[in-house]
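Summary of structural features
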Amino acid sequence: MYKKTVSGIMMTLLFIGIFSLAISIKPTKSTRTGTVYIRADGSIDPPDAPIITYDNITYTLIDNITSSGDGIVIERDNIVINGAGYTIQGNKESLCVGIRLLGRSNITIKNIEINNFTYGIYIESCSNHDIITNIVNGSAAGIYLKSSSYNNIHGNKIYKSGTGIVASDSLNNNITENDLAINSAGICLDSSKNFIVKNNNIVGCSGYGISLLGTESYGNIILGNNITNNERGIYLNCAPGNIISANNIANNIYGMYFYYHYTYANIVSRNYITKNSFGVYLVRAEYNDFFHNNFIDNLWQVYSVISTNCWEYGYPSGGNYWSDYTGVDLFSGPYQNETGSDGIGDSPYVIDEDNVDRYPLMNPWPPIINATVDVKPDTLNLRSMPELITAHIELRQRYNVSHIDVTTILLDSTIPIDFDAPVLVGDYNNNTVPDLTIHFNCTKVAEFIFLKGITYGNITLEVSGRLYDGAIFTGIDVVLVSSLLGDVNVDGKVDIKDIAITAEAFGSFPGHQRWNPQADINRDNKIDITDIALVCGNFGKQA
């Protein structure tokens, strides 16, 4: 009986152990092999593919996909494909695509790593897609746009591929903030127009960084890109009417390479072209405008073959900065024969007999313009100040305040102007020099000064901004401030003078001839017995 009982107990324990082991084992996910389809009805084919959706709108990978054909083919519009960091792995030997979109609209593809396909992401006859924060490696082309428009390609990383991003016969797309490194080429626009190519990092290409090919590649804006250590930084072949501005183009063999007759009417401005073998290389490319660029320490600043181009923007805007320019700046004026320097060299910079910069800049662009700034009022009580602080800006020499982009103006690099207040060009101090009058919100200014911990004393306020051509202006003024409640005359103490000033303004309001905003202690737009009482209540206090 005892042996039977023990045997039964042992069998029970063994059964429980086996059962427990069985239920503790979880099925492991296996990498999917083969093509996955997102069908037009929202279904996933095959249904056991490692992609889930709960609403037929957002599709999320839950494991890697390996395919000797295409990786994912999308047949449905208005969806999001979130890779969640998973990988689609291809076979370099097959002519296939990591993600294929044909005739689709309004699709977001994000957070996917795609390796070893002919095209990482292929987009044809599509519109309104967002291709963002993906990683593509080892493809002939990382992202390929064909006959597509209004797509955003943003924040992707494309490495060790043929060409990072290719667009052909496409228009009105944005390529921004992508990181393209160690590819054969960076970005290629072939017969494609009205693109914005902005703030991309393109490094270490054995070919070109950015290329514009064909007479249909026009109206493109190439702005703010970092293009370094490539064979050709920016390459234009028969591409007219583009804007190339504010790029950093350094340590390439050719900084810019313009080729053949139809490469004309391009505007090249505000670029840093530094330490290239050739800063700009021109072959039969004419009627392009180069101005406000910095040509610094290139072995050959400009090499021109049968090419005539314009190298300045007229006076007083000026031409380009040349690190090897040896002229002086003693005179000013369109003919550099007027008294006084103007930041422009008195003699031209000669490239060759057909290419001359008549107004070479003495300092790198953008110039720093010293402005005269007058802040009113020049004494401020931070607890009872007016609603607005006024600043009058004057620019000397050849600059005009009407060319200031008021949206760029900041007080101490922090506070923008109050756009509800008027912005005026005039001559408030009658010195025949035009000035720009702007206003800042006093509450924001007071908060900013309080953060500096100043209770009483002089504070230097800087007003800065940009002109439309990119030049920077800056100017300062000194203002006396107090944070003592009741210190109406801002002398660091509350005494009988403050009571007298408040009493003199008694009964006034904004627009009244006796109105004094600093006597409005409680800031209710009227000066009454409450304000006098507040001054009296702080009588004798000092900073």
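Going by the structure above, here's the rest.
Cut-offs applied
Residues numbered from 1 in each chain as written. Predicted model: local features only at pLDDT ≥ 70, side-chain atom pairs only at ≥ 80, totals over all residues. Heavy atoms only, no water. Helix = DSSP H or I, 4+ residues; strand = E, 2+ residues; numbered from the N terminus. Rg over C-alpha atoms; globule rule 2.2 N^0.38 Å. Buried < 20%, exposed > 50% of the residue type's maximum accessible area, 1.4 Å probe, protein only. Contact = heavy atoms within 4.5 Å. Areas by Shrake-Rupley, 256 points an atom, 1.4 Å probe, with all protein chains shown as cover. Lys, Arg positive; Asp, Glu negative; His and termini not counted. Charge placed at Lys NZ, Arg CZ, Asp CG, Glu CD. Patch = residues over 30% accessible without salt bridge, like charges linked within 9 Å, V, L, I, M, F, W, Y side chains within 5 Å. Salt bridge = Lys/Arg side-chain N within 4 Å of Asp/Glu carboxyl O. Arc of directions from axis to C-beta. Polar contact = N/O pair within 3.5 Å; in protein donor to acceptor, adjacent residues only side chain to side chain. Disulfide = S-S within 2.5 Å. Pairing = 2+ DSSP bridges. Phe/Tyr/Trp six-rings, centres within 6.5 Å; stacked < 30°, edge-to-face > 60°. Lys NZ or Arg CZ within 6 Å of the ring centre and 35° of its normal. Core = buried A, V, L, I, M, F, W, Y, C linked by side-chain atoms within 4.5 Å.

**A closer look at the overall build of the protein**
When helices and strands are tallied, the protein shows four helices and 51 strands. Relative to the compact-globule value of 24 Å for 543 residues, the protein shows a C-alpha radius of gyration of 34 Å, a clear excess of over 25%. Judged by the C-alpha coordinates and their principal axes, the protein covers about 110 × 95 × 40 Å. Across the 543 residues that make up the protein, the buried fraction comes to 50%. Relative to all contacts within the protein whose residues are 6 or more apart in sequence, the contacts with residues 24 or more apart total 45%. As displayed, the protein has an accessible area near 24800 Å², and 55% of this comes from carbon and sulfur atoms. Considering the protein, the positive charge centre built from 34 side chains and the negative charge centre built from 54 side chains are found 13 Å apart.

**Considerations on a nonpolar patch on the surface**
On the surface, Tyr259, Tyr260, Tyr262, Tyr264 and Tyr287 cluster together into a nonpolar patch covering about 560 Å² of accessible area. Classification of tyrosine 264 as partly exposed rests on a relative accessible area of 38%.

**Points about helix H3 (residues 496-504)**
Buried within H3 are the following residues: Asp498, Ile499 and Thr502. All buried residues of H3 fall inside an arc of 100° around its axis, so they share one side. Exposed side of H3, more than 90 degrees from the buried face: Ile496 and Glu504 are the residues found there. Structurally, H3 contributes buried residues whose contacts are with helix H4 (529-537). Two or three places before lysine 497, at the opening of H3, aspartate 495 has a side-chain oxygen 3.1 Å from that residue's backbone nitrogen.

**Quick notes on the state of the cysteines**
This structure, assessed with the given rule, holds zero disulfides. Residue cysteine 126 stays outside any disulfide, its sulfur separated by 18 Å from that of cysteine 96, the closest cysteine.

**Notes on the sheet that holds strand S29 (residues 243-245)**
With respect to topology, twelve strands assemble into an open sheet ordered S4-S5-S8-S11-S14-S17-S20-S23-S26-S29-S32-S35, the strand pairing being mixed. The outermost strands of the open sheet, each flanked by one partner alone, are strand S4 (51-52) and strand S35 (289-291). Summarising the sheet, strand S5 (residues 58-61) and strand S8 (residues 79-82) pair through three bridges and their orientation is parallel. By the bridge assignment, tyrosine 59 is partnered in S8 with isoleucine 81.

**Observations regarding the pairing of strand S22 (residues 185-190)**
Two faces make up the sheet, and in a regular strand the side chains alternate between them. With five of six residues buried, S22 lies mostly within the body of the structure. Of the pairings in the sheet, the one linking strand S19 (residues 163-168) to S22 comprises five bridges and is parallel in character. Looking at the pairing, serine 168 lines up with aspartate 190 of S22. Sheet topology places S22 next to strand S25 (residues 208-213); four bridges connect them, and they run parallel. When the sheet's bridge partners are listed, aspartate 190 is paired in S25 with leucine 213.

**A look at the packing of aromatic side chains**
Per the stated rule, a full pass over the model turns up 23 aromatic pairs. Between tyrosine 254 and phenylalanine 278, the aromatic rings sit 5.4 Å apart at their centres with planes inclined by 15°, giving stacked as the arrangement. Here tyrosine 254, found in strand S31 (residues 254-259), pairs with phenylalanine 278, found in strand S34 (residues 278-283); they are 24 residues apart in sequence, far enough to count as distant. Judged by its relative accessible area of 17%, tyrosine 254 is buried. Judged by centre distance (4.4 Å) and plane angle (20°), the rings of phenylalanine 291 and tyrosine 313 are stacked. Here tyrosine 313 lies in the loop between strand S37 (300-305) and strand S38 (321-322) and phenylalanine 291 lies in strand S35, a separation of 22 residues in the sequence. Judged by its relative accessible area of 11%, phenylalanine 291 falls in the buried class. For arginine 39, the ring lying beneath its charged end belongs to tyrosine 37, and the centroid distance is 4.1 Å. Directly above the ring of tyrosine 254 sits arginine 232, whose terminal nitrogen or CZ lies 5.8 Å from the centroid.

**Some points on the pattern of salt bridges**
By the definition in use, this model includes eight salt bridges. Taking the shortest distance from any N to any O, the salt bridge between arginine 39 and glutamate 75 comes out at 3.0 Å. A residue pair is termed long-range when its members are at least 10 positions apart, and arginine 39 in the loop between strand S2 (36-38) and strand S3 (44-45) and glutamate 75 in the loop between strand S7 (72-74) and S8 qualify at 36 residues. Its salt-bridge partner being lysine 493, residue aspartate 491 comes within 3.5 Å of it at the nearest N-O pair.

**Side note on the nonpolar core**
Ranked by size, the top nonpolar core spans 64 residues in total, and within it Ile72, Ile74, Ile99 and Ile109 carry the most contacts. Residues in contact with isoleucine 72, not counting those within four places in the same chain, are Val36, Ile38, Ile51, Leu61, Ile65, Ile88, Gly98, Ile99 and Arg100. Membership of the second largest hydrophobic core comes to 42 residues, among which are Val375, Ile389, Ala391 and Val479.

**Focus on H4**
Every buried residue of H4 is listed here: Asp531, Ile532 and Val535. Axial view of H4: buried residues confined to an arc of 100°, hence all on one face. Residues of H4 that are exposed and angled more than 90 degrees away from the buried face: Ile529 and Gly537. In this structure, the buried side of H4 is in contact with H3. You can read the cap of H4 off the contacts: a side-chain oxygen lies 3.1 Å from the backbone nitrogen of threonine 530, and it is on aspartate 528.

**Some thoughts on the side chain of histidine 129**
Inspection of the secondary structure assignment puts histidine 129 in the loop between strand S13 (119-124) and strand S14 (130-132). Here arginine 104 takes part through its backbone oxygen, which lies 3.3 Å from a polar atom of the side chain of histidine 129. Setting aside its immediate chain neighbours within four residues, histidine 129 contacts Leu101, Arg104, Ser105, Asn106, Ile107, Ile123, Tyr150, Asn151 and Asn152.

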